[in-house]
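So you can see what is in the structure, the chains are spelled out below.
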Amino acid sequence: MTYSRSLQGRFVSGRYTPLILLLVSVVVWRIGALLLPASAGMLWPVYMFSVTGGVFSSIVPLFCYIAVAVILGMLHLHERRISWFTSLYFFLSAASLFIHNDVVSAVSAVLFIALMAALMACQPGDDAEGALFAAFALLGLLSFLLPQFLFLLPLFVAYLLIANISGLKRFLAAMLGLILPFWFLFGITYVWPEVAEYIPVIDRVSGCLAFPAVIEFTPLRLLLLVAELGVMLPAMMVFATSSVPSKPFLRRRLLFMLVANSYLLLLSIFSAPNFDMLYAWRVPGTALFASYLFSLKVTRYSNIYFVLFFIFWLAIAVFSVWAN
């Protein structure tokens, strides 16, 4: 058997790979809908309004993760087009059955990838200040909806250095964008004090940002940790020793995604209430690194790694059902 005819080789070059991945994902999602108990509904963090439960608690996340896949496919993250990249993301989301009924995490995943798209649109050039202002303003605005987005501020600042768009003028433009929503909020409450009663109080916000609160390492979470590190660590080593991708701006984007997923993984360990949400934010990066590894040269060892990868993620789907 030649390497091109191995499972990995057929997967990478297969004409029907995206379709097969989507079909498997739909089957796994359907199995999860049948085996997992329906959500009775939940409260949105901070604002405490009810989030739809019952059958809608699985339908809404499904469309949210489809939306994430669409946005992810619009981002330029690979040196050459990989047709099954977004299908792989959808498969990883489907295998993560424990987030299927979590409407808050699903909606936040859409907002997160939109934030990443806005940030990656900031490139060196004469109009960098305007793009940075808009991206940081969006971050500040979305933090009203979910304070957990404030966790991303260090990543946004790190992007300025990684993308080589740092500088006093650009940093100030970014900070002005971040402050703008809060400045408008202050102005509104100053003119109409009665509006303040509809604004989340500080203790609720601090509860959403609970830190540090170390997670309980259940079998499912340990398996997730092994599976994610099993993708991230090889990707880091290959990225550091390989010239792929060769384009500088693609290398900067991949480096940023490596930093982002590492940061969010470490953060989730010390922010137990936000574990599922931070995991949903990491799945696009995990799909990116897996596609990066699979699309490199097919060897005997890479084929074994490819098989183990899918075994681990199918095991995650099984453990998700068992844990519930």
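Look up a bit, the structure's there.
For the structure given in this document, a descriptive report is provided here. Please read these numbers as outputs of a predicted model, since none were measured by experiment.

Right, let's talk about the side chain of Ser143 for a bit. The residue Ser143 is located in helix H6 (residues 128–145) in this model. Within the structure, Ser143 has its side chain in polar contact with the backbone oxygen of Gly140 (distance 2.5 Å). Those residues in contact with Ser143 that lie beyond four places of it in its chain are Phe149, Leu150 and Phe182.

Another aspect to go through is the packing of aromatic side chains. Here the structure, examined in full by the defined rule, presents 22 aromatic pairs. Where Phe306 meets Phe310, the ring centres are 5.0 Å apart and the plane angle is 65°; that geometry is what we call edge-to-face. Taken together, the residues span about one helical turn, with Phe306 and Phe310 both in helix H13 (residues 300–323) at a distance of 4 residues. An identical accessibility class is assigned to Phe306 and Phe310; each is buried. Here Arg221 stacks its cationic end above the ring of Phe275, 4.5 Å away from the centre of that ring. The ring of Phe239 has Arg251 lying over it, and the distance from NZ or CZ to the ring centre is 4.2 Å.

The next subject is the packing of helix H5 (residues 103–120) against H6. Contact geometry for H5 and H6: axes closest at 9 Å, N-to-C directions at 165°. Taken together, the axes of H5 and H6 are roughly antiparallel relative to one another. Judged by the twist between their axes, the crossing of H5 over H6 is left-handed. Mapping the contact onto sequence places Leu111, Leu115, Ala118 and Leu119 in H5 and Ala135, Leu138, Leu139, Leu142 and Leu145 in H6. A breakdown of the residues in the contact of H5 with H6 according to their chemical character gives 9 nonpolar, no polar and no charged.

For any two helices packed against each other, one specifies the crossing angle of their axes together with the interaxial distance. Between helix H2 (residues 17–35) and helix H4 (residues 85–95), whose axes approach to 9 Å, the crossing angle comes to 15°. One element, H2, and the other, H4, form an angle in the roughly parallel class. Considering how the two elements wind past one another, H2 and H4 form a crossing that is left-handed. The segment H2 lies against H4, with Pro18, Leu21, Leu22, Val24, Ser25, Val28 and Trp29 engaging Ser87, Leu88, Phe90, Phe91, Ser93, Ala94 and Ala95. Partitioned by chemical class, the residues of the contact of H2 with H4 number 11 nonpolar, 3 polar and no charged.

Each value, and the rule that gives it
- Residues numbered from 1 in each chain as written.
- Predicted model: local features only at pLDDT ≥ 70, side-chain atom pairs only at ≥ 80, totals over all residues.
- Heavy atoms only, no water.
- Helix = DSSP H or I, 4+ residues; strand = E, 2+ residues; numbered from the N terminus.
- Polar contact = N/O pair within 3.5 Å; in protein donor to acceptor, adjacent residues only side chain to side chain.
- Contact = heavy atoms within 4.5 Å.
- Phe/Tyr/Trp six-rings, centres within 6.5 Å; stacked < 30°, edge-to-face > 60°.
- Buried < 20%, exposed > 50% of the residue type's maximum accessible area, 1.4 Å probe, protein only.
- Lys NZ or Arg CZ within 6 Å of the ring centre and 35° of its normal.
- Axes fitted to C-alpha atoms, helices over the stretch in contact; angles between N-to-C directions.
- Parallel < 35°, antiparallel > 145°, perpendicular 65-115°, else oblique.
- Left-handed = near helix turned anticlockwise from the far one by under 90°.
- Nonpolar A, V, L, I, M, F, W, Y, C, P; charged D, E, K, R; others polar.

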